[in-house]
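Inside the fold
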Amino acid sequence: MIYFHFFCPIATFNNIIVINLNMSEFHLDQKDRRLLAGLDRNARSPTSLLAKKVALSKQAAAYRLERLQKNGVISGFLTIINLPLLGYTGFQLYLKLRSAPRKKEEALVTYALNHPRVIWGIRCTGSWDFLILFAEHSVKEFDSDLKALMREFSPFIATTAFSVYTSWRHLNHKYITGEEPAIRFLRESKTAEPIDELDRKILSIISTNCRASLLELAARTKIPASTVAYRLKELQKRRIIVGFMPHLDFNKTGYQYFHVILKLRPNVTDERKSQFLRFFEFHPNIVYIEECFGEADLELEAHFRNAIELREFLVGIRGRFGEALESDESVLAFDVIKYNYFPFKT
């Protein structure tokens, strides 16, 4: 039997967005959806520009934006930072727990929240109990972090596995906005892009609050707003910052969050894999695609209204890509414990 756990509303912990999912649905009208579409395109857009695109006054757009935040539909505003371009590799850690007491499970959550190289994590139900994504400079660094975690929690961990990410795709929330696909790629280059201490300070601040004003950024970095504006422009020009997005609590719009883990057959051609990826990019319910190796070859983050819709999706891809698909599994996320693309100490 599967038990679902739902917790209290969202909170912020040490400048990290913490989202506790619940099933209280908020009705979105057409103007709300158009406003979210504008934020999906660029969540750093001024309210006046968003208002123009939605055909609202600035005051009306500001009111709706505040209402979406107050009611938990928007849980934060994130900066998408191209970590592979900075020399980081994503290591997805899968954990299955033994009969761990709640206190130890909460300690693991706190561990992930405080860890300077954990950028994302969920509590889930299904094949795995936790998925935790590390951003590391090397395999050796990940090995050291994994050993440190196991020293503290191994008595309560039954099984572990991991995947190494080779590319990440961020997609817009097509199932809410009805927009055409917009894809933001995160992939490595031959040489890492250098950034200095000031760049790191700016990235650290806007990683979980991309709508921070230039004046706020200037005050926190203690440099002129004109310098902050120039640095932000350069970070985008160099593709270190690839976008600004709202982080939505999909449950507030009547959806559930599923993480799908796909293993492909060894003889799958690059052309067939490209067809896989293209299909997922255009699917309205897929919001992230990760190419990887290890436990998975592809990982998807999908928002469906219920497990029946998920099953229809899985049956559909088995029918469409069955000769290329070795296996699939999925977990239901009930707690997003961290989402921060630049948690690193500055």
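Just above, that's the structure.
In this text, all values refer to a predicted model and were calculated from it rather than measured experimentally. (Residues numbered from 1 in each chain as written. Predicted model: local features only at pLDDT ≥ 70, side-chain atom pairs only at ≥ 80, totals over all residues. Heavy atoms only, no water.)

1. Examining the pairing of strand β4 (residues 89–97)
With respect to burial, β4 is a largely interior element, seven of its nine residues being buried. Both β4 and strand β6 (residues 130–136) contribute to a ladder of seven bridges, which runs antiparallel. By the bridge assignment for β6, L95 is matched with F130. Sheet analysis places β4 next to strand β7 (residues 157–171), joined by seven bridges and oriented antiparallel. (Buried < 20%, exposed > 50% of the residue type's maximum accessible area, 1.4 Å probe, protein only. Helix = DSSP H or I, 4+ residues; strand = E, 2+ residues; numbered from the N terminus. Pairing = 2+ DSSP bridges.)

2. Observations regarding helix α8 (residues 214–221)
L217, A218 and T221 are the residues of α8 that are buried. Looking straight down α8, one finds that the buried residues subtend no more than 100° of arc, so they occupy a single side. Opposite the packed face of α8, turned more than 90 degrees from it, sit the exposed residues L215 and A219. Turning to α8, the residues buried within the fold contact α7 (197–206) and α9 (225–237). Just downstream of α8 lies K222, where phi reads positive at about 65°. (Arc of directions from axis to C-beta. Contact = heavy atoms within 4.5 Å.)

3. Section: the packing of helix α2 (residues 47–54) against helix α3 (residues 58–70)
Packing of α2 against α3 brings their axes to within 8 Å, and their N-to-C directions diverge by 100°. Relative to α3, the element α2 is oriented roughly perpendicular. Between α2 and α3, the contacting residues are T47, S48 and A51 on the first element and K58, A61, A62 and L65 on the second. (Axes fitted to C-alpha atoms, helices over the stretch in contact; angles between N-to-C directions. Parallel < 35°, antiparallel > 145°, perpendicular 65-115°, else oblique.)

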